[in-house]
Amino acid sequence: MNYILIFFLIFITVIFVLGIRRAHVMSKKSVELINKYEYNKNSHELIEEIFEFISKDFLLSRILKKNNASLEDISKLHSKLMEWGDFRKYNRYVPITSFFNASALDYLLKHKADNSKTLTEKMMNHFHI
C-alpha cells in the first residue's frame, strides 16, 4: 500500500514540475517576442514565430489542429487584437500573449469571425488587464 502511495506522489510531483516548466517556457517566449518586436508590431516574422512556436507545443498544436487554424488565421486574429489592444502592461501584450495561453487561443480560434473590439475585451478580461 505504501508503494502505491509513494508512486502516486512521485507521479503527481512529476506532472506538477512539467506543468510549471511548460508555463515558464511559454511565458519566457511570450516576453521574448514582446521585447523583440516592440517597435515592429505588425511584422510578418512575428506572426511566423508565433505560429511556429505554438505549432511545436503539444497542447497548443492540438488546439490549432482541432480548429483547422493556419498562419493566415493567426495573422488575422493578430490584426484584430492590434486594433484595440495595442498596449503593454508589464509582461502582457494582448496581441502576442493571447496566442500562448490554451484557453485564450481556443477562444480566439472558435470566435475568429467576431469583431475586433469583442475579441480584445475578452482577452483583456482573461489576462486581468
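What comes next is a walk through the structure. (Residues numbered from 1 in each chain as written. Predicted model: local features only at pLDDT ≥ 70, side-chain atom pairs only at ≥ 80, totals over all residues. Heavy atoms only, no water.)

What to know about the overall build of the protein chain
Counting its regular elements, the protein chain contains seven helices and two strands. The secondary structure elements of the protein chain, listed N-terminal to C-terminal, are α-α-α-α-β-β-α-α-α. Across its three principal axes, the protein chain shows a C-alpha extent of roughly 60 × 30 × 25 Å. For the protein chain, the proportion of its 129 residues judged to be buried stands at 36%. Within the protein chain, counting contacts between residues at least 6 apart in sequence, those at least 24 apart form 66% of the total. Within the protein chain, one finds 19 positive and 14 negative side-chain charges whose respective centroids are separated by 7 Å. (Helix = DSSP H or I, 4+ residues; strand = E, 2+ residues; numbered from the N terminus. Buried < 20%, exposed > 50% of the residue type's maximum accessible area, 1.4 Å probe, protein only. Contact = heavy atoms within 4.5 Å. Lys, Arg positive; Asp, Glu negative; His and termini not counted. Charge placed at Lys NZ, Arg CZ, Asp CG, Glu CD.)

Details of the environment of Leu-64
Along the polypeptide, Leu-64 turns up in helix α3 (residues 58-66). Looking at Leu-64, the relative accessible area reads 5%, which means it is buried. As a C-alpha pair, Leu-64 and Leu-105 span 41 residues in sequence and 8.4 Å in three-dimensional space. Beyond its immediate chain neighbours, meaning those up to four positions away, Leu-64 contacts Phe-51, Ile-54, Ser-55, Ala-69, Ile-74, Leu-105 and Leu-109.

Brief notes about the packing of aromatic side chains
Going through the model one piece at a time under the given rule, you end up with two aromatic pairs. Aromatic side chains Phe-7 and Phe-11 sit 6.5 Å apart centroid to centroid with 20° between the ring planes, which places their arrangement in the stacked category. You can see Phe-7 and its partner Phe-11 sitting in helix α1 (residues 2-36), four residues apart, about one turn around the helix. Judged by its relative accessible area of 58%, Phe-7 falls in the exposed class. Sitting over the face of the ring of Phe-58, Arg-22 holds its NZ or CZ atom 5.6 Å from the ring centroid. (Phe/Tyr/Trp six-rings, centres within 6.5 Å; stacked < 30°, edge-to-face > 60°. Lys NZ or Arg CZ within 6 Å of the ring centre and 35° of its normal.)

Digging into the packing of α1 against helix α2 (residues 44-56)
Contact geometry of α1 with α2 gives a least axis separation of 11 Å together with a crossing angle of 175°. It follows from the interaxial angle that α1 and α2 lie roughly antiparallel. Contacts from Val-25, Met-26, Lys-29, Leu-33 and Lys-36 of α1 reach α2 at Leu-46, Glu-49, Ile-50 and Phe-53. Among the residues making up the contact of α1 with α2, the classes are represented as six nonpolar, no polar and three charged. (Axes fitted to C-alpha atoms, helices over the stretch in contact; angles between N-to-C directions. Parallel < 35°, antiparallel > 145°, perpendicular 65-115°, else oblique. Nonpolar A, V, L, I, M, F, W, Y, C, P; charged D, E, K, R; others polar.)

Observations regarding α3
Considered for burial, the residues of α3 that qualify are Leu-60, Ser-61, Ile-63 and Leu-64. Buried positions in α3, seen along its axis, are confined to an arc of 155° and lie on one side of it. Residues of α3 that are exposed and angled more than 90 degrees away from the buried face: Phe-58, Arg-62, Lys-65 and Lys-66. The backbone nitrogen of Leu-59 has a side-chain oxygen 3.3 Å away, supplied by the residue at the start of α3, namely Asp-57. Directly beyond the C-terminal end of α3, a positive phi value near 50° is found at Asn-68. (Arc of directions from axis to C-beta. Polar contact = N/O pair within 3.5 Å; in protein donor to acceptor, adjacent residues only side chain to side chain.)

Quick notes on a nonpolar patch on the surface
A grouping of Phe-7, Phe-8, Phe-11, Ile-12 and Ile-15 is seen on the molecular surface, where their side chains present a nonpolar patch of about 540 Å² in accessible area. By the element assignment, Ile-12 lies in helix α1. Residue class for Ile-12 comes out partly exposed when judged on its relative accessible area of 41%. (Patch = residues over 30% accessible without salt bridge, like charges linked within 9 Å, V, L, I, M, F, W, Y side chains within 5 Å. Areas by Shrake-Rupley, 256 points an atom, 1.4 Å probe, with all protein chains shown as cover. Salt bridge = Lys/Arg side-chain N within 4 Å of Asp/Glu carboxyl O.)

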